[in-house]
Amino acid sequence: MTAKALPAGYHTVTPYLTVHGAAELIEFLQQAFGAQEKERLLGPDGKIGHAELWIGDSLIMLGEPKECDPMPGSFYLYLDDVDAVYQQALATGATSVMEPTDQFWGDRQGGVRDRFGNLWWLATRVEEVDAEELMRRMAACCAK
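The text that follows walks through the structure, step by step, so that each part is easy to find. (Residues numbered from 1 in each chain as written. Predicted model: local features only at pLDDT ≥ 70, side-chain atom pairs only at ≥ 80, totals over all residues. Heavy atoms only, no water.)

## Concerning the side chain of Asn 118
Okay, step 1: Relative to the helices and strands, Asn 118 is located in the loop between β7 (107-113) and β8 (119-125).
Okay, step 2: Beyond its immediate stretch of four places on either side in the chain, Asn 118 contacts Leu 17, Val 19, Leu 25, Pro 72, Gly 73, Val 112 and Arg 113. (Helix = DSSP H or I, 4+ residues; strand = E, 2+ residues; numbered from the N terminus. Contact = heavy atoms within 4.5 Å.)

## Let's talk about the packing of aromatic side chains
The geometry of an aromatic ring pair is captured by the separation of the ring centres together with the interplanar angle, meaning the angle of the planes.
Okay, step 1: As enumerated under the stated definition, the model contains five aromatic pairs in all.
Okay, step 2: With centroids separated by 4.8 Å and ring planes inclined at 25 degrees, the aromatic side chains of Phe 75 and Trp 120 adopt a geometry described as stacked. Separated by 45 residues along the polypeptide, Phe 75 in strand β5 (residues 74-78) and Trp 120 in strand β8 bring together distant segments of the chain.
Okay, step 3: On the basis of relative accessible area, Phe 75 is assigned to the buried category, the value being 11%.
Okay, step 4: For Trp 120, a relative accessible area of 0% puts it in the buried group.
Okay, step 5: Relative to Tyr 78, the ring of Tyr 76 lies with its centre 5.3 Å away and its plane at 65 degrees, an arrangement referred to as edge-to-face.
Okay, step 6: Taken together, the ring pairs connect Phe 28, Phe 33, Phe 75 and Trp 120 into an aromatic cluster. (Phe/Tyr/Trp six-rings, centres within 6.5 Å; stacked < 30°, edge-to-face > 60°. Buried < 20%, exposed > 50% of the residue type's maximum accessible area, 1.4 Å probe, protein only.)

## Considering helix α1 (residues 22-33)
Okay, step 1: Counted at 1.5 Å a residue, the expected span for α1 with its 12 residues is 16 Å, and the 16 Å between its end C-alpha atoms agrees.
Okay, step 2: Those residues of α1 not exposed but buried are Ala 22, Leu 25, Ile 26, Phe 28, Leu 29, Ala 32 and Phe 33. Buried residues of α1 fall within an arc of 160 degrees about the axis and therefore sit on the same side.
Okay, step 3: Of the residues one or two after α1, Gly 34 is the one with positive phi, at around 70 degrees. (Expected span 1.5 Å × (residues − 1). Arc of directions from axis to C-beta.)

## Notes on the pairing of β5
Okay, step 1: Only one face of β5 is buried, namely the one carrying Phe 75 and Leu 77, since none of Ser 74, Tyr 76 and Tyr 78 on the opposite face is buried.
Okay, step 2: Of the pairings in the sheet, the one linking β5 to β8 comprises five bridges and is parallel in character. In the sheet register, Leu 77 faces β8, and the bridge partner there is Leu 122. (Pairing = 2+ DSSP bridges.)

## Description of the nonpolar core
Okay, step 1: Among the nonpolar cores identified, the biggest contains 28 residues, and Leu 29, Phe 33, Leu 62, Trp 120 and Leu 122 are the most heavily contacted of them.
Okay, step 2: Within the residue set of this core, elements represented by two or more residues are α1, β3 (48-55), β4 (58-63), β5, α2 (82-91) and β8.
Okay, step 3: Take this core: its biggest share by element is seven residues, from α1.
Okay, step 4: Discounting chain neighbours no more than four positions away, the residues touching Leu 122 are Phe 33, Leu 77, Leu 79, Val 82, Val 85, Tyr 86, Arg 108, Gln 109, Gly 110 and Val 112. (Core = buried A, V, L, I, M, F, W, Y, C linked by side-chain atoms within 4.5 Å.)

Below, the structure written as structure tokens:
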């Protein structure tokens, strides 16, 4: 049977996190962002060798490091209610990087860092901004 180069349900880019305490990160992702676990494979040491979780329609892969240090990542999540999820993430133990604020490009955006060092930019699109207006706003913002 011939396999597709891109498996069904996957996107071209899939973030992969390598962290100590991967099981705890999974719990954080479930509580903070409503992640649904797709699979979890344990290594011979009982630690997570590989796991996959859905957040909305996007997949995140993660596992425990083998012989290297954790490699924190940065992610941009589009959500229905950035303010509610920002507060939910803080209540789950994340620290604030930026409170949700309306941005010139049309997103309301905030940021949190989980205890593993990963940065989560949280956003809700609040306005569609055409290219000409975006350039005008960017110039005004950068001129400050």
